[in-house]
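Notes for the structure review
Letter by letter, the chains look like this.
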Amino acid sequence: MKETLRPGASKTKRLTVDRDRTISFMGEEGRVYATPSLVRDVEQTCRHLLIDHADPGEESVGMEISLRHLAPTLLDMEVEIVVTVVAVDGRKVMFEIAAKDEVEPIATSTHTRFVVDVAKRQERLKAKAAKRAAARAE
């Protein structure tokens with residue numbers, strides 16, 4: 001990670017709630033921004049902030065998220081998600097998030113991500129896959 005990653009670093013994402021981001025189980029009139037889609041958009045915004053400060057070969061993975069979805073957002077409404085770094089502890093980065101639509105605040109969140117070395121992570125994943133294969137062969 002570059003030294004530029006410090007508390008106070010912030011990124012804003014603006015998006016339109018498209019059909020793929022909405023729930024369908026309440027019918028067409030009830031299509032609103034789905035909580036899982038909101039969580040994904042929060043995580044991706046935090047990840048993109050970290051990419052701006054990453055060294056070559058680094059990436060980040062989510063560790064923890066706590067989200068309060070406060071209000072519904074209608075299909076085709078504009079949303080603004082603001083993520084702000086509140087703490088950096090080695091490779092662990094903590095964020096506070098605020099999201100609003102055209103009318104009102106829609107979510108508050110905290111999120112923690114861990115910066116990883118991609119090559120080392122892939123080796124760990126290969127080792128885990130080998131353990132799984134060995135356990136299944138028994």
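Residues numbered from 1 in each chain as written. Predicted model: local features only at pLDDT ≥ 70, side-chain atom pairs only at ≥ 80, totals over all residues. Heavy atoms only, no water.

Overview of the overall build of the protein chain
- For the protein chain, the count of helices and strands is two helices and five strands.
- Along the protein chain, helices and strands appear, N-terminal first, in the series β-α-β-β-β-β-α.
- If one aligns the C-alpha atoms of the protein chain with their principal axes, the spans along those axes are about 50 × 45 × 20 Å.
- When contacts within the protein chain are restricted to residue pairs at least 6 apart in sequence, long-range pairs at least 24 apart make up 68% of them.
- Accessible surface, the protein chain: about 8500 Å² in total, of which carbon and sulfur atoms supply 52%.
- Counting 23 positive and 23 negative side-chain charges, the protein chain places the averaged centre of each group 7 Å from the other. (Helix = DSSP H or I, 4+ residues; strand = E, 2+ residues; numbered from the N terminus. Contact = heavy atoms within 4.5 Å. Areas by Shrake-Rupley, 256 points an atom, 1.4 Å probe, with all protein chains shown as cover. Lys, Arg positive; Asp, Glu negative; His and termini not counted. Charge placed at Lys NZ, Arg CZ, Asp CG, Glu CD.)

Remarks on the sheet that holds strand β3 (residues 78-89)
- Read from one edge to the other, the open sheet built from five strands follows the order β1-β3-β4-β5-β2, with strand pairing classed as antiparallel. Every other strand in the sheet has two partners, leaving β1 (10-16) and β2 (58-69) as the edge strands with one partner each. Here the average twist between neighbouring strands, direction ignored, is 25°.
- Two elements, β2 and strand β5 (residues 105-117), share eleven bridges in a ladder whose sense is antiparallel. Of the residues in β5, the one forming a bridge with serine 60 is valine 115. (Pairing = 2+ DSSP bridges. Axes fitted to C-alpha atoms, helices over the stretch in contact; angles between N-to-C directions.)

Observations regarding the side chain of serine 109
- Mapped onto the secondary structure, serine 109 falls in strand β5.
- For serine 109, a relative accessible area of 6% corresponds to the buried category.
- In terms of polar contacts, serine 109 uses its side chain to reach the backbone carbonyl oxygen of serine 66, at 2.9 Å.
- In this view, serine 109 contacts Val42, Ile65, Ser66, Leu67, Phe95, Glu96 and Ile97; residues no more than four positions away in its chain are not counted. (Buried < 20%, exposed > 50% of the residue type's maximum accessible area, 1.4 Å probe, protein only. Polar contact = N/O pair within 3.5 Å; in protein donor to acceptor, adjacent residues only side chain to side chain.)

Structural notes on unusual backbone geometry
- In this structure, aspartate 76 is a non-glycine residue whose phi angle is positive, near 75°.
- Looking at the secondary structure, you find aspartate 76 in the loop between β2 and β3.

Notes on the pairing of β3
- In the sheet, β1 pairs with β3 via seven bridges, with the strands oriented antiparallel. Following the sheet pairing, lysine 13 is matched in β3 by isoleucine 81.
- Here β3 runs beside strand β4 (residues 92-101); their pairing, made up of ten bridges, is antiparallel. Within β4, the position partnered with valine 83 by the bridge is isoleucine 97.
- Connecting β3 to the next strand, β4, in antiparallel fashion are two residues, including glycine 90 with a positive phi near 65°.

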